[in-house]
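# What the coordinates show
Each chain, letter by letter, is given below.
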Amino acid sequence: MRLSFLEPLYAESGPFASVYLDTSRDVEHPERAIARRWGRLRESLSRQGADRALLNVLEEVVGADSEVPGMHGQAIFAAHGTLLLDGELPRPPEHDSARYSTLPDAMPLVTQHVPEIPYLAVVVHYSGLPTAETHGWVTLEAETGTWPASTVTPGERLHHRVAVATWHRTCLRLGHLLDERARHAHADAVVMGGDEWACNVLIRRLPQTLRDKVVRVGGRTPTDTGRALLEPQLDAVFRGHIAAHDRELVDLFISRRALDGPVTEGLAATVAALQRGQVAALLLNRTPRSSLRLWTGSQPTQLALTEAELVSFGVRAPREEPADEALVRALVGTGAELVAVPESGLRLYEGVGAVLRYADPGTSRGSDAP
């Protein structure tokens, strides 16, 4: 998973206000509920030292996602009276939170983007007599996205209405159009639902490379929900999976580790590689526990397990920060990727490892790896 969408957060120096808020619209009087939640968070930020200008900037965007129906949330970040990022959460946060701190609390936002699987969703509806496949209309809607974030930030939708009598030959043209969209999105899968007959005709006329990616789904296929096409089915198809790009990185890690190649494993060795800007992709079995701390300086690569180590590098006044905040900043600052990999797919020593950009005897594997 690439973290370039977080770059605006680190263009400014801290302190930062990080707000996670349930802004679901599936409750009675949602605006009142959101206002009450925000009121409690505003008071918390004020007690932590946030000034009124910063609080007002946050308040301007709280609940501004009113056009998004159903369950969801907001992640909002600001510093020095400036809004830095307003992100939609496909799920409400586990609990509303507000933190005023030296580094932005970005990991909860990142984990809601994981596994970031690119896809093309297609819904085909046939409206006509049940016994006649030459009368009526076929409606096709298609949309690309990256699951699960696209649940609340759906992309541009393609819409075509075709006479049933011309559906067979029109599918050839539509197939190439869908193939172009899927290629542009680097789609791992084409999730297709709707009328069985119309879907079968379309699938048979898709280019072979696209046909091989089709996943048929059943269930209701409404297209006017304001959410992503096939939202419930997407969850069933992708939950527990990782993106094809991330799978390639995991396979690369496994093959390099077997040959004692340029990878690292364990927290100490991985932090050392981040100090050198050596990490191409960080692999995590799980988010670092909340009690785990790292020492940091003013630059993304200034992080260490101990204060003494940073001081030895010439860093003045190191600060102790939550490990997840320090790790995300280091990844964004060095252009490294993040891969969340279940332990069932790859068990990492201390739950962390990395694919390195180049080999270095001092950091490869790590002396703490078994």
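Summary of the structure given here. The model shown is predicted, which means the values in this text are computed figures rather than measured ones.

Attention shifts here to the overall build of the chain. Helix and strand counts for the chain stand at eleven helices and 16 strands. Along the first, second and third principal axes, the C-alpha set of the chain runs to 80 × 55 × 30 Å. Considering only contacts in the chain between residues 6 or more positions apart, those separated by 24 or more positions represent 72%. In the form shown here, the chain has an accessible surface area of approximately 17200 Å², with 50% of it arising from carbon and sulfur atoms.

What follows deals with the environment of Arg-183. Within the secondary structure, Arg-183 sits in helix H4 (residues 167-185). Each C-alpha atom of the pair Arg-183 and Arg-257 lies 32 Å from the other, and the pair is 74 residues apart in sequence.

When helix H2 (residues 52-61) is considered as a whole, its buried residues turn out to be Leu-54, Leu-55, Val-57, Leu-58 and Val-61. Each buried residue of H2 sits inside an arc of 160 degrees when the element is viewed along its axis, so together they form one side. Along H2, exposed side chains directed more than 90 degrees from the buried face belong to Arg-52 and Glu-60. Where H2 is buried, its residues touch strand S1 (16-22), helix H1 (30-48), strand S2 (73-79), strand S3 (82-89) and strand S4 (97-101). The N-terminus of H2 is capped by Asp-51, whose side-chain oxygen sits 3.3 Å from the backbone nitrogen of Ala-53. A positive backbone phi angle near 75 degrees is found at Gly-63, which sits one or two residues after H2.

Turning our eyes to something else, we now look at the environment of Arg-161. Residue placement: Arg-161 occurs in strand S7 (residues 157-163). For the pair Arg-161 and Gly-193, spaced 32 residues apart in the sequence, the C-alpha separation amounts to 16 Å. In contact with Arg-161, other than residues within four places in its own chain, are Trp-137, Val-138 and Thr-139.

What follows concerns the sheet that holds strand S10 (residues 263-265). One open sheet accounts for four strands, arranged S10-S16-S11-S15; its pairing is mixed. In this open sheet, the two strands that pair with only one neighbour each are S10 and strand S15 (337-340). Each neighbouring strand pair of the sheet contributes to a mean axis angle of 20 degrees, computed without reference to strand direction. Sitting on the sheet, helix H8 (residues 244-258) touches S10, strand S11 (279-284), S15 and strand S16 (352-356), and the angle it makes with S16 is about 90 degrees.

With antiparallel pairing, the three strands of this open sheet are ordered in space as S13-S12-S14. Pairing within the sheet leaves two strands with one partner each, and these edge strands are strand S13 (303-304) and strand S14 (319-322). Both strand S12 (residues 293-296) and S13 contribute to a ladder of two bridges, which runs antiparallel. Bridge assignment links Thr-296 to a residue of S13, and that residue is Leu-303.

Moving on, we come to the pattern of salt bridges. With the rule as written, the count across this model stands at 16 salt bridges. As a salt-bridge pair, Asp-251 and Arg-247 come within 3.5 Å of each other at their nearest N and O atoms. Separated by four residues within a single helix, Asp-251 and Arg-247 lie in helix H8, roughly one turn from each other. You can call Asp-251 partly exposed: its relative accessible area is 39%. For Glu-321, the salt bridge identified is with Arg-319, shortest N-O distance 3.5 Å. The buried category is assigned to Glu-321, whose relative accessible area is 5%. Linked by salt bridges that have partners in common, Asp-22, Arg-37 and Asp-96 make up one network.

So, on to the packing of aromatic side chains. Under the criterion given, the structure shown has four aromatic pairs. Residues Tyr-119 and Phe-238 carry aromatic rings whose centres are separated by 5.9 Å and whose planes lie at 40 degrees to one another, so their mutual orientation is tilted. Here Tyr-119 is found in strand S5 (residues 117-127), whereas its partner Phe-238 is found in helix H7 (residues 231-238), with 119 residues between them in sequence. Considered together, Tyr-119 and Phe-238 belong to a single accessibility category, that of buried residues.

Attention now moves to helix H11 (residues 323-334). Here H11 is twelve residues long and its end C-alpha atoms lie 16 Å apart, about the 16 Å a rise of 1.5 Å per residue gives. Across the twelve residues of H11, eleven count as buried, placing the element largely inside the fold. Those residues of H11 lying buried are Ala-323, Asp-324, Glu-325, Ala-326, Leu-327, Val-328, Arg-329, Ala-330, Leu-331, Val-332 and Thr-334. The positive-phi residue at the C-terminal boundary of H11 is Gly-335, with phi of around 70 degrees.

About the thresholds
- Residues numbered from 1 in each chain as written.
- Predicted model: local features only at pLDDT ≥ 70, side-chain atom pairs only at ≥ 80, totals over all residues.
- Heavy atoms only, no water.
- Helix = DSSP H or I, 4+ residues; strand = E, 2+ residues; numbered from the N terminus.
- Contact = heavy atoms within 4.5 Å.
- Areas by Shrake-Rupley, 256 points an atom, 1.4 Å probe, with all protein chains shown as cover.
- Buried < 20%, exposed > 50% of the residue type's maximum accessible area, 1.4 Å probe, protein only.
- Arc of directions from axis to C-beta.
- Polar contact = N/O pair within 3.5 Å; in protein donor to acceptor, adjacent residues only side chain to side chain.
- Pairing = 2+ DSSP bridges.
- Axes fitted to C-alpha atoms, helices over the stretch in contact; angles between N-to-C directions.
- Salt bridge = Lys/Arg side-chain N within 4 Å of Asp/Glu carboxyl O.
- Phe/Tyr/Trp six-rings, centres within 6.5 Å; stacked < 30°, edge-to-face > 60°.
- Expected span 1.5 Å × (residues − 1).

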